[in-house]
Amino acid sequence: MKKVRYRFYLDYEKEEKWINEMAVHGWHLKKFSLGRFTFTKGEPGVFLYRNEFIMGKSKSEMKDYFDLLEDSGITIIHEFGGWVYMKKVASEGPFELYTDTQSRIDYYKRMLNIFLLLFFINVWSGIVNVGILGDQSLPEFFNSAVGILNIAVALLIAIPIIKIIQRKRALKKSQQFFE
């Protein structure tokens, strides 16, 4: 049996939590894309799921990393748009990709750099398309509509940026506390 669910998350940790709740009820993730999740029915609670942002790694780095994960008993489910979902048998114990504070901080830095780049590209494109710096050869309505869309996307991207900054600061604070 197959089930398709449409959800759009701006917080990847909430998304991951939802996927794991689905697994507890016997729905196992098979594929995902922007807001679309495909599940198949299976035995409840068999797998634990994690997602990871892998954009910024070369093809060979990703292959080596995926091989390492698979050697650790982790199955790569699907990769889309810089995100990858993976699963591990729950009976094998906890499933953490980053086990120390510094590796988590480094992961947040990598994610933050990509999101900030996307944010600034959208802000700049929005300003250009609204007409402040834009090319007036296209119809003004089209430019304005695209500009407003760019700015809306930038605002949406700002939400995960803020959450990542907060998580990174909390980790740094706890790291300093234990030093």
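Scroll up to find the structure.
Parameters at a glance
- Residues numbered from 1 in each chain as written.
- Predicted model: local features only at pLDDT ≥ 70, side-chain atom pairs only at ≥ 80, totals over all residues.
- Heavy atoms only, no water.
- Phe/Tyr/Trp six-rings, centres within 6.5 Å; stacked < 30°, edge-to-face > 60°.
- Helix = DSSP H or I, 4+ residues; strand = E, 2+ residues; numbered from the N terminus.
- Buried < 20%, exposed > 50% of the residue type's maximum accessible area, 1.4 Å probe, protein only.
- Pairing = 2+ DSSP bridges.
- Axes fitted to C-alpha atoms, helices over the stretch in contact; angles between N-to-C directions.
- Contact = heavy atoms within 4.5 Å.
- Expected span 1.5 Å × (residues − 1).
- Polar contact = N/O pair within 3.5 Å; in protein donor to acceptor, adjacent residues only side chain to side chain.
- Salt bridge = Lys/Arg side-chain N within 4 Å of Asp/Glu carboxyl O.
- 1 Å grid on protein atoms, 1.4 Å probe; cavity = no way out; pocket = protein on both sides within 12 Å on 5 of 7 lines; lining within 4 Å.
- Points joined across faces, edges and corners; volume = space filled by probe spheres on them.
- Nonpolar A, V, L, I, M, F, W, Y, C, P; charged D, E, K, R; others polar.

**Observations regarding the packing of aromatic side chains**
The full count for this structure, using the stated rule, is 14 aromatic pairs. With a centroid separation of 5.0 Å and 55° between ring planes, the pair formed by Phe53 and Trp83 is classed as tilted. Remark: Trp83 occurs in strand 6 (residues 83-89) and Phe53 occurs in strand 4 (residues 47-53); sequence separation between them is 30 residues. The class of Phe53 is buried, set by a relative accessible area of 3%. For Trp83, a relative accessible area of 18% puts it in the buried group. Plain terms: the ring middles of Tyr107 and Tyr108 are 6.1 Å apart, the flat faces sit at 35° to each other, and that makes the pair tilted. A residue is classified by how much of its surface remains accessible, and Tyr107, at 5% relative accessible area, is buried. Ring pairs connect the aromatic residues Tyr12, Phe53, Trp83, Tyr98, Tyr107, Tyr108 and Phe115, which therefore count as one cluster.

**Some remarks on the sheet that holds strand 6**
Strand pairing in a sheet relies on backbone hydrogen bonds. The paired strands run either parallel or antiparallel. Taken in spatial order, the 3 strands line up as 4-6-5 in an open sheet, and their pairing is antiparallel. Edge positions in the open sheet fall to strand 4 and strand 5 (74-80), since each of these has one partner strand only. Across the sheet, the axes of successive neighbouring strands diverge by a mean angle of 20°, strand direction being ignored. The strands touched by helix 1 (residues 12-24) are strand 4 and strand 6; relative to strand 4, the strand with the most contacts, the crossing angle is about 160°. Packed onto the sheet, helix 2 (residues 59-71) meets strand 4, strand 5 and strand 6 and runs at close to 145° relative to strand 5.

**Structural notes on helix 1**
With 13 residues, helix 1 should cover 18 Å at 1.5 Å per step; its first-to-last C-alpha distance of 19 Å lies within 8% of that length. For helix 1, the set of buried residues is Tyr12, Glu15, Glu16, Trp18, Ile19, Asn20, Met22 and Ala23. Looking at where helix 1 begins, the residue whose side-chain oxygen comes 2.9 Å from the main-chain nitrogen of Glu13 is Asp11. With its phi angle positive at about 90°, Gly26 sits one or two positions after the end of helix 1.

**What to know about the pairing of strand 4**
Of all 7 residues that make up strand 4, 5 are buried, and the element is covered over most of its length. Alignment of strand 4 against strand 6, held across 7 bridges, turns out to be antiparallel. From the neighbouring strand, Glu52 faces strand 6, where its bridge partner is Val84.

**Considerations on the pattern of salt bridges**
Using the criterion set out here, one finds 7 salt bridges in the structure. Linking Lys63 and Asp67 is a salt bridge whose minimum nitrogen-to-oxygen distance equals 2.8 Å. In this pair, Lys63 and Asp67 are both assigned in helix 2, 4 residues apart and thus about one turn of the helix distant. Residue classification places Asp67 among the partly exposed positions, given a relative accessible area of 31%. Here Arg104 and Glu96 are joined by a salt bridge, their closest N and O atoms 3.3 Å apart. Relative accessible area serves as the criterion here: at 31%, Arg104 is assigned to the partly exposed category.

**Some points on the layout of surface pockets**
Volume-wise, the largest pocket comes out at about 660 Å³. Looking at the largest pocket, it is lined by 24 residues, and the ones nearest its centre are Phe8, Tyr9, Leu34, Trp83 and Phe115. Of all the secondary-structure elements, those providing two or more residues to the lining of the largest pocket are helix 1, strand 2 (27-33), helix 3 (101-130) and helix 4 (140-178). With 4 residues, helix 4 is the largest single contributor of residues to the lining of the largest pocket. Taken together, the residues that form the lining of the largest pocket break down as 18 nonpolar, 3 polar and 3 charged. Its volume calculated, the second largest pocket comes out at about 260 Å³. Around the second largest pocket sit Tyr12, Glu13, Glu16, Arg50, Asn51, Glu96, Leu97, Tyr98, Arg104, Tyr107, Tyr108 and Leu171, which together line it. Among the elements of the structure, helix 1, strand 4 and helix 3 are those that each provide at least two residues to the lining of the second largest pocket.

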